[in-house]
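Take a look at the letters that make up each chain.
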Amino acid sequence: DGRPAPDRPDLKEALRRVAAPEVARQFKTYNSRFNLGRVVRNFNEPTLALLVLDPKHRGRFAFTRRRGSRIQGVPVQTIGFREVGTPTLIHDLEGRPVFAAGDITVERDTGRVRRTLLALEIGSVRMTLSTIYDEDPRLGMLVPVRFGEHYEDGAAPNTRAREAAVTGIYEEIVCEAKYTNFRRFEVKAIIR
């Protein structure tokens, strides 16, 4: 609506006063207040699935080769992953581990990531987060251009139930974000 978000924290000031991991936690909590629906979440970030490839986390995943195909004429390979060890990337509200699975589609010749899909369940909530990466000609690199979120809580009502009375609680949330106008920022630091 064009109005500033209420109680917006100052990132620069927070980083001056508190350690970076604590600032990240605070800002994740703050930002999650604006999610739609009843499903509580603070991990809906387009690049989250890339952590699967980070050497710090990769050993906790099992990988399988899936299908090969092409994206914009470029040969790609889809690799399935399943989290098998702890600590997991995501935890529930009580801090218990949540095991994720999904797919990463990479260019065969370069290994550049073109798509990711992360799927998980927390209680009755089923979630998928998908990201599409495309070349940004100004930056000369792949960037996230589309991020999809899909959440389902409870059992989906069938057609007969809709015609009669729907019992129980069911919620489906579908979100899509599109990213454009990427810019490169440079930071220079002087240590005195």
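Provided above is the structure to which this section pertains.
Residues numbered from 1 in each chain as written. Predicted model: local features only at pLDDT ≥ 70, side-chain atom pairs only at ≥ 80, totals over all residues. Heavy atoms only, no water.

Novice: Would you mind showing me how to read the packing of aromatic side chains here?
Specialist: A ring pair, where both rings are aromatic, is described by two values, the distance of the centres and the angle of the planes. Applying the stated criterion to the full structure yields two aromatic pairs. Arranged with centres 6.4 Å apart and planes meeting at 40°, the rings of Phe 61 and Phe 63 form a pair that is tilted. Assessed through its relative accessible area of 7%, Phe 61 is described here as buried. What links up through ring pairs into an aromatic cluster is the set Phe 61, Phe 63 and Phe 81. (Phe/Tyr/Trp six-rings, centres within 6.5 Å; stacked < 30°, edge-to-face > 60°. Buried < 20%, exposed > 50% of the residue type's maximum accessible area, 1.4 Å probe, protein only.)

Novice: Is there a simple way to think about the nonpolar core in this case?
Specialist: The nonpolar side chains of a soluble globular protein tend to be buried with one another. Counting 25 residues, the largest nonpolar core has Phe 43, Ile 90, Leu 118, Leu 120, Met 127 and Leu 129 as the members making the most contacts within it. The element best represented in this core is strand S7 (residues 125-136), accounting for four residues. Setting aside residues up to four positions removed in sequence, Leu 129 forms contacts with Phe 43, Asn 44, Leu 48, Thr 116, Leu 117, Leu 118, Phe 147, Gly 148, Glu 149 and Tyr 151. (Core = buried A, V, L, I, M, F, W, Y, C linked by side-chain atoms within 4.5 Å. Helix = DSSP H or I, 4+ residues; strand = E, 2+ residues; numbered from the N terminus. Contact = heavy atoms within 4.5 Å.)

Novice: When you look at the side chain of Thr 105 in this model, what are you seeing that I'm missing?
Specialist: Tracing the backbone shows Thr 105 in strand S5 (residues 101-107). Relative accessible area serves as the criterion here: at 7%, Thr 105 is assigned to the buried category. Within the local environment of Thr 105, its side chain forms a polar contact with the side chain of Thr 78, the two groups lying 2.9 Å apart. Discounting chain neighbours no more than four positions away, the residues touching Thr 105 are Ile 71, Val 76, Gln 77, Thr 78, Arg 112, Val 113, Arg 114 and Arg 115. (Polar contact = N/O pair within 3.5 Å; in protein donor to acceptor, adjacent residues only side chain to side chain.)

Novice: Where do I start with the pattern of salt bridges in this structure?
Specialist: Working definition: two side chains of opposite charge can pair if their charged atoms are close together. Tallied over the full model, the rule gives 12 salt bridges. Here Arg 112 ties to Glu 135 by a salt bridge, and the two come within 2.9 Å at their closest N and O atoms. On the criterion of sequence distance, the pair formed by Arg 112 in the loop between S5 and strand S6 (113-122) and Glu 135 in strand S7 is long-range, its members being 23 residues apart. Residue class for Arg 112 comes out partly exposed when judged on its relative accessible area of 32%. On the basis of relative accessible area, Glu 135 is assigned to the partly exposed category, the value being 35%. Here the residues in one salt-bridge network are Glu 107, Arg 112, Arg 114, Asp 134 and Glu 135, joined through shared partners. (Salt bridge = Lys/Arg side-chain N within 4 Å of Asp/Glu carboxyl O.)

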